[in-house]
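Secondary and tertiary structure notes
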Amino acid sequence: MKNRLRVLRAERAWSQADLADRLAVSRQSVNAIETGRFDPSLPLAFKLARLFDTTIEAIFTTDSEFGA
Amino acid sequence: MLLHCNHLSPIQRRSGFLFGSFLIVTMLVFATLHLTQEHTAIPNTFLHLLELLPAIPVATMIFVVGRYLNRETDEFVRMLVTQSLLWGLGVTMVGDIVFGVMFEDFHTHGLSQVYNIDVFCITGLIALRIQLWRNQ
């Protein structure tokens, strides 16, 4: 699973710690999601989508979609 | 300290404190039981009842970990803790089997099973520390 979290975060000039605070998770969680080492659950994905005022599909894409 | 961290949530801090406290209680119960067995003449029936005592703090520790995992809101941290517990369990079981076979087949003195909980805790904590370091 790939994601645009780093880009979306950079657009808002948020650090990983800022995003972690907004999501009420640890900074390690944000880092792991950004680097693709951890796929968030559906509730956390919805939380991210709401926070960035977009859809889950706009943030997360499967590897095959990314390559297409 | 192995798990020294300034960013622990209240539930992590409380669970860590409870887990550590019950680990100390477990060790004290083991030591007391050992001294009782060596230095007092207690009827066998009562001694067997006393031997069940160390199970109480160990069961409480498992309850504390279960409650923590249930209440941890950070799913990534929950995954790291679960993986660390599995590492602890795996190393303990492998060690137990290896020393068990050595004891059975070669009649050598292996590690006492009394130390299983210590091996489990130490391996689990080291695994958690490595996981946290890898995911900084």
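A few points on the structure. (Residues numbered from 1 in each chain as written. Chains lettered and ligands numbered in written order. Predicted model: local features only at pLDDT ≥ 70, side-chain atom pairs only at ≥ 80, totals over all residues. Heavy atoms only, no water.)

**Comments concerning the overall build of chain A**
If you tally the helices and strands in chain A, you get six helices and two strands. The secondary structure elements of chain A, listed N-terminal to C-terminal, are β-α-α-α-α-α-β-α. By its C-alpha atoms, chain A is 35 × 20 × 20 Å across when sized along the principal axes. Considering only contacts within chain A whose residues lie at least 6 apart along the sequence, 53% involve residues at least 24 apart. If you sum the accessible surface of chain A, you get close to 3,900 Å²; carbon and sulfur atoms cover 54% of it. Across chain A, the centroid of the 10 positively charged side chains sits 5 Å from that of the 9 negatively charged ones. (Helix = DSSP H or I, 4+ residues; strand = E, 2+ residues; numbered from the N terminus. Contact = heavy atoms within 4.5 Å. Areas by Shrake-Rupley, 256 points an atom, 1.4 Å probe, with all protein chains shown as cover. Lys, Arg positive; Asp, Glu negative; His and termini not counted. Charge placed at Lys NZ, Arg CZ, Asp CG, Glu CD.)

**Concerning the layout of surface pockets**
All names here are of chain B. Looking at the second largest pocket, its volume works out to about 220 Å³. Lining the second largest pocket are Phe19, Val58, Met61, Ile62, Val65, Gly66, Leu85, Leu89, Thr92, Asn116, Ile117 and Phe120. At the level of secondary structure, the elements contributing two or more residues to the lining of the second largest pocket comprise α3 (55-71), α4 (75-106) and α5 (116-134). Broken down by element, the lining of the second largest pocket gets its largest block of residues, five residues, from α3. Partitioned by chemical class, the residues of the lining of the second largest pocket number nine nonpolar, three polar and no charged. (1 Å grid on protein atoms, 1.4 Å probe; cavity = no way out; pocket = protein on both sides within 12 Å on 5 of 7 lines; lining within 4 Å. Points joined across faces, edges and corners; volume = space filled by probe spheres on them. Nonpolar A, V, L, I, M, F, W, Y, C, P; charged D, E, K, R; others polar.)

**Describing the packing of helix α2 (residues 16-23) of chain A against helix α3 (residues 27-34) of chain A**
Each pair of packed helices gets described by two things: the angle between the helix axes and the distance between those axes. All names here are of chain A. The contact between α2 and α3 brings their axes to 8 Å, and the two run at 110°. Taken together, the axes of α2 and α3 are roughly perpendicular relative to one another. Where α2 approaches α3, its residues Gln16, Ala17, Leu19, Ala20 and Leu23 are matched on the opposing element by Arg27, Val30, Asn31 and Glu34. (Axes fitted to C-alpha atoms, helices over the stretch in contact; angles between N-to-C directions. Parallel < 35°, antiparallel > 145°, perpendicular 65-115°, else oblique.)

**Brief notes about the interface of chain A and chain B**
Taken together, the contacts link 12 residues of chain A with eight residues of chain B. For the pair chain A and chain B, the summed buried surface comes to about 850 Å²; carbon and sulfur atoms form 50% of the total. The three residues of chain A that bury the most area against chain B are Gln28, Arg37 and Phe38 of chain A, which together make up 50% of that side's buried surface. One can count zero salt bridges joining chain A with chain B. Here the side of chain A that touches chain B takes five residues from α3 of chain A, the largest share from any one element. Per-class residue counts for the side of chain A that touches chain B are five nonpolar, five polar and two charged. (Buried area = accessible area lost by both parts, 1.4 Å probe. Salt bridge = Lys/Arg side-chain N within 4 Å of Asp/Glu carboxyl O.)

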